[in-house]
Amino acid sequence: MKTGDGRESPVALKRRARKINRILGETYPYAVAELDFRNAFELLVATVLSAQTTDVRVNLTTPALFARFPDPRSLAEAEVEELQDIIRPTGFFRAKANSLLALSNRLVDEYDGDVPGRLEDLVTLPGVGRKTANVVLGNAFGIPGITVDTHFGRLSRRFGWTAADDPIKVEAEVGALFETKDWTRLSHHVVFHGRRVCHAKKPACGACPVAALCPSYGEGEVDPAKAAKLLKYELAPGREELLERMRNGETRAELLRAGHALGA
Ligand code: SF4
């Protein structure tokens, strides 16, 4: 539905946005947080480590880290050199080690070794911004949150859901288009689509399930055969058994241990 001046009405925008989310949900039914974690502390640490690297690399690093330092108290007492050695593969390891030490010390000193479940508290922790706080709230506490990372911002603008660059504005404007209960799932769907199809440099428009609803169709390759070659799948199509197991709660770490190769 267009308004008199040819612009999309707010109602039409909301409908289109929700339809896109529905289709992305059908396309990526297994969309979950891609970081492996067993509790809020592990997710918080993994999210801090994920800056400037891939979730796959973080998932390869965290099992050894949590085996050695399973909680904020043990991590707060870690030797910085040992900590740096363990997290080195994630890059920026000196800064990240300092953040993790400061973070776990604050958790011990101010929150009795627990991760607080409120946005206002989480964003005051060292190394934790709004994005990390929303990841933790949405995935470890079940409190709906929109996670505006680079993929979410880019796709929201391509979808015409917002024109803003500022992540806080993106969060507010996109949040207003959806029901609060859908925010966390929406974040996963959009990030999955950004990683696999709607890439920053070469979006695969010709192989995109929401092409008909996207005002940016044509920004990338539209030829279906050429576009198909641009797709990136962590789980190749056809490996439904793995998808089913992930949907039933098995983590990447468990699937890897069971001998399934999950390439990025
Ligand atoms: S049509 Fe192109 S720009 Fe739009 S979501 Fe799909 S891949 Fe991205």
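So, here's what we can say about the structure. Here the structure is a predicted model, which means the values were calculated and not measured.

Taken together, 14 residues sit near the ligand, with C198, P203, C205, C208 and C214 positioned nearest. Broken down by class, the residue content of the shell around the ligand amounts to 10 nonpolar, 2 polar and 2 charged.

L43, L44, V45, A46, V48, L100 and V136 are the most contacted members of the largest nonpolar core, which has 30 residues in total. For this core, the secondary-structure elements that each account for two or more residues are α2 (40–49), α3 (55–68), α5 (80–87), α6 (93–111) and α8 (130–140). In terms of nonpolar packing, the next biggest core, distinct from the first, is built from 28 residues, L24, F152, V170 and V174 among them.

Bringing α2 into the picture now. Of all 10 residues in α2, 8 are buried, a share of seventy percent or more. Within α2, the full set of buried residues consists of F41, L43, L44, V45, A46, T47, V48 and L49. Tucked into the core, α2 has its buried residues touching α3, α4 (72–76), α5, α6 and α8.

A positive phi is found at Q52, a non-glycine position, where the angle reads about 60°. Along the chain, the position of Q52 falls in the loop between α2 and α3. Of note, the phi angle at D112 is positive, near 55°, even though the residue is not glycine. Among the structural elements, D112 can be located in the loop between α6 and α7 (119–122). A tally of 9 C-beta atoms within 10 Å means that D112 is categorised as exposed.

Procedures and definitions
- Residues numbered from 1 in each chain as written.
- Predicted model: local features only at pLDDT ≥ 70, side-chain atom pairs only at ≥ 80, totals over all residues.
- Near = placed C-beta within 6 Å.
- Nonpolar A, V, L, I, M, F, W, Y, C, P; charged D, E, K, R; others polar.
- Core = buried A, V, L, I, M, F, W, Y, C linked by C-beta atoms within 7 Å.
- Buried ≥ 20, exposed ≤ 12 C-beta atoms within 10 Å, placed from the backbone.
- Helix = DSSP H or I, 4+ residues; strand = E, 2+ residues; numbered from the N terminus.
- Contact = placed C-beta atoms within 7 Å.

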